[in-house]
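The lines below spell out each chain.
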Amino acid sequence: MSYGRSKSDLNITAEQAATLAALFAVDVAGEDLEALAAALSNQLPSIAVLEAFDLDDFPPILRMDAGWHD
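A quick note: this is a predicted structure, and the numbers were derived from the prediction, not measured. (Residues numbered from 1 in each chain as written. Predicted model: local features only at pLDDT ≥ 70, side-chain atom pairs only at ≥ 80, totals over all residues. Heavy atoms only, no water.)

Peer 1: Help me get a handle on helix 1 (residues 14-23), residues and values and all.
Peer 2: Within the sequence span of helix 1, burial applies to Ala14, Ala17 and Ala21. For helix 1, the buried positions fall inside an angular range of 55° around the axis, keeping them on one side. Exposed residues pointing more than 90 degrees away from the buried face of helix 1 are listed as Glu15, Thr19, Ala22 and Leu23. Structurally, helix 1 contributes buried residues whose contacts are with helix 2 (33-51). Phi turns positive, to about 55°, at alanine 25, one or two residues after helix 1. (Buried < 20%, exposed > 50% of the residue type's maximum accessible area, 1.4 Å probe, protein only. Helix = DSSP H or I, 4+ residues; strand = E, 2+ residues; numbered from the N terminus. Arc of directions from axis to C-beta. Contact = heavy atoms within 4.5 Å.)

Structure representation (C-alpha cells):
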C-alpha cells in the first residue's frame, strides 16, 4: 500500500510555496519564495528512497481514534 508517490520532475512554484507558508503560519518574505520553492522541490527526490521499502505487511504505527478528543 502506498500512501503517496513522489515525482522527481515535480517542481513547486513560488505561489505554492507561499500557500504552504501561509498554511503553516510561517512568514516568508516575497523575495525568498523562489528559493523556498526550489528547496522544497529538491526534497522530493529524497522520498524516492523510502518508496523502495515494501510496507504492505506492516500495520500503521498509530491508530487514529476519533473519540480521543471528546
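Peer 1: Describe the side chain of serine 41, naming the residues involved and giving the relevant values.
Peer 2: Secondary-structure assignment places serine 41 in helix 2. Within the structure, the side chain of serine 41 is placed 2.7 Å from the backbone nitrogen of isoleucine 12, a separation counted as a polar contact. Ignoring any residue separated from it by four or fewer positions in sequence, one finds serine 41 in contact with Leu10, Asn11 and Ile12. (Polar contact = N/O pair within 3.5 Å; in protein donor to acceptor, adjacent residues only side chain to side chain.)

Peer 1: Tell me what's going on with helix 2, and back it up with residues and numbers.
Peer 2: Along an α-helix, a turn takes 3.6 residues, which lines up residues three or four apart on a common side. The end-to-end C-alpha distance of helix 2, which contains 19 residues, comes to 28 Å, matching closely the 27 Å that a straight helix rising 1.5 Å per residue would cover. What helix 2 keeps buried is the set Leu33, Ala37, Ser41 and Leu44. Elements that come into contact with the buried residues of helix 2 comprise helix 1. (Expected span 1.5 Å × (residues − 1).)

Peer 1: Mind laying out the nonpolar core, listing which residues take part and the relevant values?
Peer 2: Membership of the largest hydrophobic core is limited to six residues, which are Ile12, Ala14, Ala17, Leu33, Ala37 and Leu44. For this core, the elements supplying multiple residues, two or more each, are helix 1 and helix 2. Beyond its immediate sequence surroundings of up to four residues, alanine 14 is in contact with Leu33, Glu34 and Ala37. (Core = buried A, V, L, I, M, F, W, Y, C linked by side-chain atoms within 4.5 Å.)

Peer 1: Help me get a handle on the environment of threonine 13, residues and values and all.
Peer 2: The residue threonine 13 is located in the segment before helix 1 in this model. Judged by relative accessible area, threonine 13 falls into the partly exposed class, the value being 39%.

Peer 1: Run through the packing of helix 1 against helix 2, naming residues and quoting values.
Peer 2: Viewed as axis vectors pointing N to C, helix 1 and helix 2 meet at an angle of 90°, and their least axial separation amounts to 8 Å. Viewed along their axes, helix 1 and helix 2 adopt a mutual orientation that is roughly perpendicular. Packed against helix 1, whose contacting residues are Ala14, Ala17, Ala18 and Leu20, the element helix 2 presents Leu33, Glu34, Leu36, Ala37 and Leu40 at the interface. When its residues are assigned to classes, the contact of helix 1 with helix 2 shows eight nonpolar, no polar and one charged. (Axes fitted to C-alpha atoms, helices over the stretch in contact; angles between N-to-C directions. Parallel < 35°, antiparallel > 145°, perpendicular 65-115°, else oblique. Nonpolar A, V, L, I, M, F, W, Y, C, P; charged D, E, K, R; others polar.)

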